[in-house]
Amino acid sequence: MAERAFVEKMKRAGFTGIEIVQRDAFGVDDARLHPLFTADLIEVIRKTVPTDKQHQVATSVVIKAHLATG
Amino acid sequence: MTKDLMHSAELKDLVREAYSSVVSDGDATATRLYAEDELAGVPRSAREFALGVGNHLRYADIQLGETILDIGCGAGIDSIIAAHRTGPAGRVLALDFLPEMLERTASAAAEAGLDNVETIEGDMEAIPLPDDSVDHIISNGVINLSPRKTRTLAECTRVLRPGGRFCVSDFTIDEEDLPPEVLTHPAAWAG
Ligand SMILES: C[S@@+](CC[C@H](N)C(=O)[O-])C[C@H]1O[C@@H](n2cnc3c(N)ncnc32)[C@H](O)[C@@H]1O
């Protein structure tokens, strides 16, 4: 899901004060440690994503928000 | 069942399968995401199965006495850190849909000498907690796994009390940056 879509869904759910407080590149080497990135998917990424883009196939974000008080 | 719900059930099975057969990466993920002082008080078993994507706890500003919900607690690394921070007057509700993850969290909490971590088996799309029962939601690398993210976020606002806080780490992807071969790969639906 794109960051924009995440924030939009949070607004619709009723969150307020939504802030992305950190963004980090999530590259193919980080992805190798995650079970949903299967060996097969990693291989497809390595073959199809240009080498200079492989350090950021996704972004890891920290999102903060709160509910309005009463 | 509608096609959409069937698809959603299949996706959840895929996630269950991936996480129930997960193997430890040593502490590569834990040491990449957390500083040594943040890991003090976290048993090795929880460090070795850390599967998160970020360190939102640096921003969460957990207060003493809070009731915290950790969505998709996995082996418990963030639940343990949060339980130390909220102290004996607070508690952490560690939610996961895999019993084997909850067992890891419970035994790590016991090993850390914490009795304020309560494990709950359940789905983030139907959180088994009453309305307005939680002060603070944390979660690490989990919401992107929900086939129905709108529903998951609605559950979050339902269980949070008015003024309640939410602080999570997760993945986002920019579909325009990824080739069709990646976007259409069966394992690439999350994110
Ligand atoms: C990427 S791991 C993160 C684990 C933990 N938060 C950490 O940082 O180590 C995802 C976890 O979410 C759980 N999970 C996935 N889908 C879920 C759902 N629909 N409801 C509850 N838990 C879910 C998995 O069982 C797994 O333990």
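Residues numbered from 1 in each chain as written. Chains lettered and ligands numbered in written order. Predicted model: local features only at pLDDT ≥ 70, side-chain atom pairs only at ≥ 80, totals over all residues. Heavy atoms only, no water.

*Asks:* Give a detailed account of the overall build of chain A, specifying residues and quantitative values.
*Replies:* Broken down by element type, chain A carries three helices and two strands. Taken from the N to the C terminus, the helices and strands of chain A come in the order α-β-α-α-β. Here the C-alpha radius of gyration of chain A, 16 Å, is well above what a compact globule of 70 residues would show, namely 11 Å. The C-alpha extent of chain A, read off along each of the three principal axes, is 50 × 20 × 20 Å. Sorting the 70 residues of chain A into buried and exposed places 44% on the buried side. Residue pairs in contact within chain A that sit at least 24 positions apart in sequence constitute 69% of those at least 6 positions apart. (Helix = DSSP H or I, 4+ residues; strand = E, 2+ residues; numbered from the N terminus. Rg over C-alpha atoms; globule rule 2.2 N^0.38 Å. Buried < 20%, exposed > 50% of the residue type's maximum accessible area, 1.4 Å probe, protein only. Contact = heavy atoms within 4.5 Å.)

*Asks:* Any details on the nonpolar core? Residues and values, ideally.
*Replies:* Phe15(A), Tyr19(B), Leu69(B), Ile71(B), Ile137(B) and Phe166(B) are the most contacted members of the largest nonpolar core, which totals 39 residues. When contributions to this core are tallied by element, the ones reaching two or more residues are helix 1 (3–13) and strand 2 (58–66) of chain A together with helix 1 (3–20), strand 1 (67–71), strand 2 (91–96), strand 4 (134–140), helix 8 (149–159) and strand 5 (160–172) of chain B. Discounting residues that sit within four places of it in the chain, Ile71(B) has contacts with Leu95(B), Met124(B), Ile127(B), Ile137(B), Ile138(B), Ser139(B), Asn140(B), Val142(B) and Cys156(B). In terms of nonpolar packing, the next biggest core, distinct from the first, is built from 27 residues, Ala30(B), Leu57(B), Ile77(B) and Leu102(B) among them. (Core = buried A, V, L, I, M, F, W, Y, C linked by side-chain atoms within 4.5 Å.)

*Asks:* So what about the sheet that holds strand 3 (residues 117–121) of chain B? Which residues, and what values?
*Replies:* In spatial order, the strands read 1(A)-2(A)-5(B)-4(B)-1(B)-2(B)-3(B); together these seven strands make up an open sheet with mixed pairing. The sheet terminates laterally at strand 1 (16–26) of chain A together with strand 3 of chain B, the two strands that pair on one side only. Direction aside, neighbouring strands of the sheet carry axes that sit 15° apart on average. Relative to strand 4 of chain B, strand 1 of chain B is paired through four bridges, and the arrangement is parallel. Bridge pairing in strand 4 of chain B places Leu69(B) opposite Ile137(B). Strands in contact with helix 1 of chain A are strand 1 and strand 2 of chain A together with strand 5 of chain B; relative to strand 1 of chain A, the strand with the most contacts, it is inclined by about 155°. Each of strand 1, strand 2, strand 3 and strand 4 of chain B is contacted by helix 6 (residues 77–86) of chain B, which is oriented at about 165° to strand 2 of chain B, the strand it contacts most. (Pairing = 2+ DSSP bridges. Axes fitted to C-alpha atoms, helices over the stretch in contact; angles between N-to-C directions.)

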